[in-house]
Structures are given as structure tokens and as C-alpha cells.
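Read off the chains here:
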Amino acid sequence: MSIKGRTFVTLDPPAPFLFCPTMARNPVLLVPNLITIARILAIIPIVALVMNGDIILRLVALIIYVVAAASDWLDGYLARAWNQYSPLGRMLDPIADKLLVGILIAALAWDGSFSGWDMIPACAILFREFFIPGLREFLGNTQIVLPVSWLAKWKTTIQLVALAVVLFERIVPGFGLVSDLLLWAAGLLTLWTGFQYLRASWPHLVADAK
């Protein structure tokens, strides 16, 4: 600012980055959403490192994967703590989880990390993760909302842990039984939660047939 040829320098501190007005207007810049977007982008190096076949690179992929999986809890915690909720975040968060699980399952199937029997729970997980969002989209057109159950939230956690152990099994052999049990537990829990959603929505699916 200048008055009659004099220049005055303001000493006011800049607006804080985390809570600046621009961020409040742009949901992409909200910290929880940035973490969610980073989780989606992390899928690229994870899959590339896994498909390389090198054990050291697989360890790096496991580390990135664990950080990405943990960020699923972190972005939700920060959204609650800082009251940074947004429709974009509610849309991106479940998509990020499904992309991380689904694409990693495809990569692990490609490199032979799954046995023939392991493909049964793996395919069950993929089936449910495609079927239920389609069901939600259909019911959304009828103004019917299916809330996420606490069991469905645990389902995602068990899926993420099971895939981490599958990754770890190639690095330190001897965890085959543990990874198989976790993968089957994740597959069964995934199918059960999918059945719960289908059962809750069934009256609305057959309503027009009466």
C-alpha cells in the first residue's frame, strides 16, 4: 500500500495453509481429500513394483501399500477432527479403497501370488465390490439409501490386512497358511456383507413386481 509516494509493507502473517479460505471453497485442496487422492495415485507404483518380480522391490511395494492402507483411517480421522467433510471426499474414499484392493488383487493374480483355491475368495471380493456399488447406484435413483454397516467397515480392514500378508509371504516364506486363512476370511465376510445389503434392498427391488 502506498500514500503520497510512501510505500508501506504489511506485517500481517499469511493465511494458514491448512485452513485458508481458498481451501474451504475448493474440496480438492482439503487435507483429507488430498490424502485420499494420494492413496489412489499410490496404486500405480505399488502395482508396478509387484509386477517387477524383484523381492526388494516387492518389499518397497509392501511399505507403500501399508502407508496407503493406513491413510484410509487417517483421512477419516482428519475429516472429523478438522470438520473438513465434503461430498467429494465421501465419494472418493470408498472408491479409493475399492481401487486399491481390486487392482492389487489383479496384480497378485498376474504374478502367481494366488493359488487356484485363493482365486475363489479373490473373485468373491471382486464380485461384491462391483455388485454392491451398482446396487447402491440403482437404489439412489429411487431415493433409497443403504447405510454402511460396521461389519462392512471391518470387511475393508480385513481385506487390506489379508493382501498385506499375501505381499509379505513372498518376502518371508512360511506365512502361506496365515495369508490363506485371512484371504478366505476376507472373502467370506465380503460375501456376507454383500448378502446383507441385498437382503435389505430386496423389498425395493421387487416392489414394482407386485
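## Description of helix H4 (residues 55-81)
The end-to-end C-alpha separation of H4 is 39 Å, in line with the 39 Å expected for 27 residues at 1.5 Å each. Taking the largest bend as the criterion, H4 deviates by roughly 30°, centred on serine 71. Of all the positions in H4, only Arg58, Ala61, Leu62, Tyr65, Ala68, Ala69, Ser71, Asp72, Asp75, Leu78 and Ala79 are classed as buried. On its buried face, H4 sits against helix H2 (31-41), helix H3 (43-52), helix H5 (87-110) and helix H7 (150-171). At the N-terminal end of H4, a side-chain oxygen is found 3.0 Å from the backbone nitrogen of isoleucine 56, two or three residues along, and the residue is aspartate 54. Directly beyond the C-terminal end of H4, a positive phi value near 55° is found at asparagine 83.

## Let's talk about the side chain of aspartate 118
Looking at the secondary structure, you find aspartate 118 in the loop between H5 and helix H6 (119-140). Although aspartate 118 is buried, it makes no salt bridge; arginine 170 carries the closest opposite charge, 9.5 Å away. Residues contacting aspartate 118, with those up to four places away along its chain left out, are Ser113, Asp180, Leu183 and Trp184.

## Examining the pattern of salt bridges
With the rule as written, the count across this model stands at 9 salt bridges. Among the salt bridges present, the one from aspartate 75 reaches arginine 39, with a minimum N-O distance of 2.9 Å. Remark: arginine 39 occurs in helix H2 and aspartate 75 occurs in helix H4; sequence separation between them is 36 residues. Accessibility classification places aspartate 75 together with arginine 39 in one group, the buried group. Where salt bridges share partners, they join Arg39, Asp72, Asp75, Asp93 and Asp97 into one cluster.

Conventions adopted
Residues numbered from 1 in each chain as written. Predicted model: local features only at pLDDT ≥ 70, side-chain atom pairs only at ≥ 80, totals over all residues. Heavy atoms only, no water. Helix = DSSP H or I, 4+ residues; strand = E, 2+ residues; numbered from the N terminus. Expected span 1.5 Å × (residues − 1). Bend = angle between axes of the 7 residues up to and from the residue. Buried < 20%, exposed > 50% of the residue type's maximum accessible area, 1.4 Å probe, protein only. Contact = heavy atoms within 4.5 Å. Polar contact = N/O pair within 3.5 Å; in protein donor to acceptor, adjacent residues only side chain to side chain. Lys, Arg positive; Asp, Glu negative; His and termini not counted. Salt bridge = Lys/Arg side-chain N within 4 Å of Asp/Glu carboxyl O.

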